[in-house]
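# Commentary on secondary and tertiary structure
Residue strings, one per chain:
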Amino acid sequence: MDIKEINERIHRESAFVDLLSMELGKVIVGQKYMTERLLIGMLANGHILLEGVPGLAKTLAIKSLSSAIHAKYNRIQFTPDLLPADLIGTMIYNQKQESFNVRKGPIFANFILADEINRAPAKVQSALLEAMQERQVTIGDTTFKLDEPFLVMATQNPIEQEGTYPLPEAQVDRFMLKIVIGYPTKEDEKLIIRQNISNNYPTINPVVHTEDIIRARSMVREVYMDEKIEKYIIDIVFASRNPKDYNLGKLQQLISYGGSPRASISLALAAKLTHLLNVAVT
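The structure presented is a predicted model; accordingly, all values stated were derived computationally and were not measured.

Let us look at the pairing of strand β1 (residues 47-51). With five of five residues buried, β1 is to be regarded as a mostly interior element. Of the two faces of β1, both are covered, the one formed by His-47, Leu-49 and Glu-51 as well as the one formed by Ile-48 and Leu-50. In the sheet, β1 pairs with strand β10 (residues 175-180) via five bridges, with the strands oriented parallel. Considered in β10, the bridge of His-47 is made with Phe-175. Judged from the four bridges that link them, β1 and strand β9 (residues 151-156) form a sheet pairing that is parallel. By the bridge assignment for β9, Leu-50 is matched with Thr-155.

Computed from the structure, the largest pocket encloses a volume of approximately 930 Å³. Lining of the largest pocket is provided by 31 residues; of these, Asp-173, Phe-175, Met-176, Ala-263 and Ser-266 occupy positions nearest its centre. Going through the elements one at a time, β1, α6 (122-134), α7 (169-172), β10, α10 (227-241) and α11 (261-280) are the ones with two or more residues in the lining of the largest pocket. No other element matches α11, which puts seven residues into the lining of the largest pocket.

Another point: the sheet that holds β9. Ordered in space as β3-β6-β9-β1-β10, the five strands form an open sheet in which the pairing is parallel. Of all strands in the sheet, those with a lone pairing partner are β3 (73-77) and β10, marking the two edges. Averaged over all neighbouring strand pairs, the angle between strand axes comes to 15°, with direction disregarded. The strands that helix α3 (residues 32-43) touches are β1, β6 (111-115), β9 and β10; relative to β10, the one it contacts most, it runs at about 175°.

Cut-off values and rules
- By convention here, each chain's residues receive numbers from 1 onward along its written sequence.
- It should be noted that, the model being predicted, local features are given only for residues of pLDDT at least 70 and side-chain atom pairs only at 80 or more, the latter also being counted only at that level, while totals for whole chains, interfaces and linings use all residues.
- Hydrogens and water are ignored here; the side-chain numbers use all heavy atoms of the structure.
- For every residue, the accessible area (1.4 Å probe, protein chains only) is compared with the maximum for its type, and the residue is labelled buried under 20%, exposed over 50%, or partly exposed between those bounds.
- Numbering of helices and strands runs from the N terminus; a helix is a DSSP stretch of H or I covering at least four residues, while a strand is a stretch of E covering at least two.
- Here a strand pair is declared whenever DSSP counts at least two bridges between the two strands.
- A 1.4 Å probe that fits but cannot get out identifies a cavity on a 1 Å grid over protein atoms alone, an open set with protein on both sides within 12 Å along at least five of seven lines counts as a pocket, and a residue lines either if it has an atom within 4 Å of a point.
- Grid points are joined across faces, edges and corners, and a volume is the space filled by probe spheres set on the points.
- All axes are obtained by fitting lines to C-alpha atoms, using only the stretch in contact for helices, and the reported angles, taken between N-to-C directions, cover 0 to 180 degrees.
- Residue contacts are counted whenever heavy atoms from the two residues lie within 4.5 Å of one another.

Following this line, the structure appears as structure tokens:
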């Protein structure tokens, strides 16, 4: 199959992306940067970390994305007293049957909103780590596979330090994208005010099925990537490891650890998905 045929197939089978973008546009004013990267993370089978001050529609964006897809969605409000069992579930003793039964937690869903993830203690973050990396959860002696698609979209408030726990580097590395959200423009904020004080606040309708997401994820692998792009990605990652080799010695003190091979893979997938999204809307 040549590149032209691949592009035609992408355009044909990714038409749902345009529908999804329009549906999100009903309630998300501006923030095109955030919306595009939410779609990239979802279609690349990668988890997303949203960071921004309160009131910038982080939770609304994730909830709207989940509502636009025929899938199971759960929101977990992370707090300092949260336990791993509150996240993944636990074993409950049944007196009548004299046996233990598994009670699954809210992690068993397609889309998980981990709200204010940095408020959870280390034990909870470790429990979430297995689900994010292995797409499975262990309760007692039994391991349960999570349904596909499975996507963790976490929010983080950067301005509050009291009662928060910094995310371990190992867990931050499991997020494909960290999206830092800025303030809206004056025109966008005017629309936000009008929309939120009117009597006809728009609602999100499900327009995409999980099968569409899974099919698009496999199609991403078929997008052609030139060797020049691969070399550029490798140069970016290696520059983070050895800044001096790229005449960036002044950044040496600012970098503790360079990007891992997982970073190279994520950059390649993000590049392919950027092309896919551009083809889908043209």
